[in-house]
Structures are given as structure tokens and as C-alpha cells.
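These are the residues of each chain, in order.
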Amino acid sequence: MKHLALAYLLETSREHHTRATHDTIAAIGLAIGGAFGLAGTFVASAALRETLWAIDGAALVVATALLTMKYQRLGNDCVAPGFSPSLPARPWRRM
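Cut-offs used in this document
Per chain, the residues get numbers from 1 upward, laid out in the order the sequence is written. With pLDDT at 70 or above as the cut-off, local features in this predicted model cover only qualifying residues; side-chain atom pairs require 80 or more to be listed or tallied, and sums for whole chains, interfaces and linings still use all residues. Heavy atoms throughout the structure, all of them, feed into the side-chain values; hydrogens and water do not. For helices the rule is a DSSP run of H or I covering at least 4 residues; for strands it is a run of E covering at least 2, with both sets numbered from the N terminus onward. The rule is simple: take the accessible area with a 1.4 Å probe, protein chains only, and divide by the maximum for that residue type; under 20% is buried, over 50% is exposed, in between is partly exposed. Each polar contact in these results corresponds to two N or O atoms within 3.5 Å; when the atoms are within protein, one needs to be able to donate a hydrogen and the other to accept it, and residues that are neighboring in sequence are counted only if both atoms are side-chain atoms. By convention in these notes, a salt bridge is any Lys or Arg side-chain nitrogen within 4 Å of a carboxyl oxygen on Asp or Glu. A helix is expected to span 1.5 Å for every residue after the first.

Participant: Can you explain the side chain of Thr 64? Please cite residues and give values.
Facilitator: With respect to the helices, strands and loops of the structure, Thr 64 is situated in helix α2 (residues 46-73). For Thr 64, a relative accessible area of 14% translates into the label buried. A polar atom in the side chain of Thr 64 sits 2.8 Å from the backbone oxygen of Leu 60.

The following block contains the structure:
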């Protein structure tokens, strides 16, 4: 019985740690996406702009995918699709 309780506590701790890590990665991804997207807007060089926007896009896709999974697992079916990485379209960033 003690082994089962210990296993449950370890699993619960691991789930909490993973959830906190995913939240941190999502927050960092959103921050990087916003900063690099804004920086790319003000850069004169086309090559640097493309690089900054590529990093911006990748960071935002990772962050929104993690947020979609988080809210879908919590049962917030109305909130989860709002973070879906396939929904946002940015036609102003055509290269």
C-alpha cells in the first residue's frame, strides 16, 4: 500500500512539473514571437526580416500548440480552439 501511495505522489509531482514547464515554454514562446515579430517589422534588410519572422512564426506555433493542448485537456473546449496554430493567418507577412 505504501508503494502505491508513493508512486501516486511521484506521478502527481511529475505531472505538475511537466505542466509548469509547458506553461513556461508557452509564455517564453509568446514573448519571443512578439519581440521578434516586432523587430522584423522595423528591420530594413530583407534577409534579416525573413530570419526574424521565421523565428517569430516558429515560437508562436509552439506556444499556441502547447496552450491548445493545455486548455483542451482541462476541458475548456471553447477556449482551446482560439489557440490553435492553424487558425491565425497573417497575409501581411508574405515573403
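Participant: Can you lay out the pattern of salt bridges for me, pointing to particular residues and giving the numbers?
Facilitator: In this structure the tally under the stated criterion is one salt bridge. In this structure, Lys 70 engages Asp 23 in a salt bridge whose closest nitrogen and oxygen atoms are separated by 3.4 Å. One end of the pair, Lys 70, is in helix α2; the other, Asp 23, is in helix α1 (residues 2-42), and 47 residues separate them in sequence.

Participant: Can you explain the side chain of Thr 68? Please cite residues and give values.
Facilitator: The residue Thr 68 is located in helix α2 in this model. A residue is classified by how much of its surface remains accessible, and Thr 68, at 13% relative accessible area, is buried. Within polar-contact distance, the side chain of Thr 68 engages the backbone oxygen of Thr 64 at 2.7 Å.

Participant: An account of α2 is needed here, citing residue identities and associated values.
Facilitator: An ideal rise of 1.5 Å per residue puts 40 Å on 28 residues; α2 measures up with 40 Å between its terminal C-alpha atoms. A positive backbone phi angle near 90 degrees is found at Gly 75, which sits one or two residues after α2.

As far as function goes, none of this settles anything; it's purely spatial.
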